[in-house]
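Summary of structural features
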Amino acid sequence: MAALRVAVPVLALLGLCPGPAAAAAPLVIWHGMGDSCCNPVSMGYIKKLVEKKIPGIYVLSLKIGSSLIQDMENSFFMNVNAQVSDVCGQLAQDPQLQRGYNAMGFSQGGQFLRAVAQRCPAPPMLSLISVGGQHQGVYGFPRCPGESSHLCDWIRRTLDLGAYSKAVQEHLVQAEYWHDPLKEEEYRKNSIFLADINQERGINETYKKNLMALKKFVMVKFLNDTMVDPPISEWFGFYKSGQAKETIPLQETSLYKEDRLGLQQMDKAGKLVFLGVQGDHLHFSEEWFDSTILPFLQ
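First things first, this report covers the structure right here in the doc. Given the structure is predicted, the values throughout are model-derived calculations rather than measurements. (Residues numbered from 1 in each chain as written. Predicted model: local features only at pLDDT ≥ 70, side-chain atom pairs only at ≥ 80, totals over all residues. Heavy atoms only, no water.)

In total, this model carries 2 disulfides according to the counting rule given. Residue Cys37 pairs covalently with Cys38 via a disulfide, S to S 2.4 Å. Taking the sign of the S-S torsion, about -95 degrees here, the bridge from Cys37 to Cys38 comes out left-handed. Judged by its relative accessible area of 2%, Cys37 is buried. Owing to a relative accessible area of 42%, Cys38 belongs among the partly exposed residues under this scheme. Note on cysteine connectivity: Cys88 is disulfide-linked to Cys120, with sulfurs 1.9 Å apart. (Disulfide = S-S within 2.5 Å. Buried < 20%, exposed > 50% of the residue type's maximum accessible area, 1.4 Å probe, protein only.)

If you want it as structure tokens, here you go:
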């Protein structure tokens, strides 16, 4: 018996005995426009679903503000750069995340978490899953989520009047990723968020290095999307410059060809994953989520 007691730890040291399964990396979630961290039919549901399917996983659903109402309002009116800075502080102070985490952003939360990856490498983001995120921005709001429809009507009017004015840029979230293909120069010069993270005004090598450190960058596009214009922005494509009818995929954009963010290198290394799902914006089944998204978290 003594020999057996000695042999077991020796075998374990040699890697010949099965040890406990490695715990799944923590998950950080960022909600979309008009939503909140803990809505029981959206982010609260996703958090519980992941916790149920991956026992023991730590899931942080980000709240921007001191209350759920403030969190929802901030998704419309709080400067995105300030939101990203706030989130970077939350992540840096969370002891559960210090060895790295996966991130999953829903709708505008997708591009906001990409900004976190590019600007805040500690703690390290391992993989980024963007569910309907608009990485080349939007040029229209064809439809908005239920109770926020009156706000979206006001947003449309405001964007039409002056999306790139200083006051609108600093106080209207959706203006900060408004990308007018008919006014590319104005966009590059005055967009305080999207133009920065997409390297439109010059190359920030730190942004590029940090994004390329991701193991996977997964982009989910909703194939029947009536909310995002153009839907191809969910795969990092956009309108061909100078018009608003013909779209081009990521691989045909100058961002990719010039490799300003390292996306071309990531693509060739198999780090970019493009997924399509039938349904309108953020409409998917639990079965699809289980079979398609959960494997990236395990």
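Okay, the side chain of Ser61 next. Mapping Ser61 onto the fold places it in strand E2 (residues 59-61). Among the polar contacts made by the side chain of Ser61, one reaches the main-chain carbonyl oxygen of Cys37 at a distance of 2.6 Å. Here Ser61 is in contact with Ile29, Cys37, Met43 and Lys47, once residues within four sequence places are set aside. (Helix = DSSP H or I, 4+ residues; strand = E, 2+ residues; numbered from the N terminus. Polar contact = N/O pair within 3.5 Å; in protein donor to acceptor, adjacent residues only side chain to side chain. Contact = heavy atoms within 4.5 Å.)

An order of E2-E1-E3-E4-E5-E8 is seen for the 6 strands of this open sheet, with the pairing classed as parallel. The outermost strands of the open sheet, each flanked by one partner alone, are E2 and strand E8 (272-277). The average undirected angle you get between the axes of adjacent strands in this sheet is 15 degrees. Across 5 bridges, strand E3 (residues 101-106) lies against strand E4 (residues 125-131) in parallel orientation. Note that in E4 the partner of Tyr101 across the bridge is Met125. The strands that helix H2 (residues 43-53) touches are strand E1 (27-30), E2 and E3; relative to E2, the one it contacts most, it runs at about 175 degrees. The sheet strands contacting helix H4 (residues 80-93) are E1, E2 and E3, and the helix crosses E1 at an angle near 160 degrees. (Pairing = 2+ DSSP bridges. Axes fitted to C-alpha atoms, helices over the stretch in contact; angles between N-to-C directions.)

On inspection of all chains with the given rule, the structure shows 10 salt bridges. A salt bridge links Glu170 to Lys166; the shortest N-O distance between them is 3.0 Å. Here the residue Glu170 and the residue Lys166 both occupy positions in helix H7 (residues 166-171), the gap between them amounting to 4 residues, near one helical turn. When its relative accessible area of 61% is taken as the criterion, Lys166 is described as exposed. Note that Glu185 and Arg188 form a salt bridge whose closest N and O atoms lie 2.8 Å from each other. One end of the pair, Glu185, and the other, Arg188, are both in helix H8 (residues 184-190), 3 residues apart, so they sit about a helical turn from each other. What you see here is one network of salt bridges that share partners, running through Glu185, Arg188, Glu200, Glu258 and Arg260. (Salt bridge = Lys/Arg side-chain N within 4 Å of Asp/Glu carboxyl O.)

This part is about the environment of Val220. When you line up the elements, Val220 lands in strand E5 (residues 216-222). The class for Val220 is buried, based on a relative accessible area of 0%. Distance from Val220 to Gly276, taken between C-alpha atoms, is 5.7 Å for residues 56 residues apart in sequence. Excluding residues within four positions of it along the chain, Val220 makes contact with Ser130, Val131, Gly132, Glu234, Trp235, Leu275, Val277, Trp288 and Ile293.

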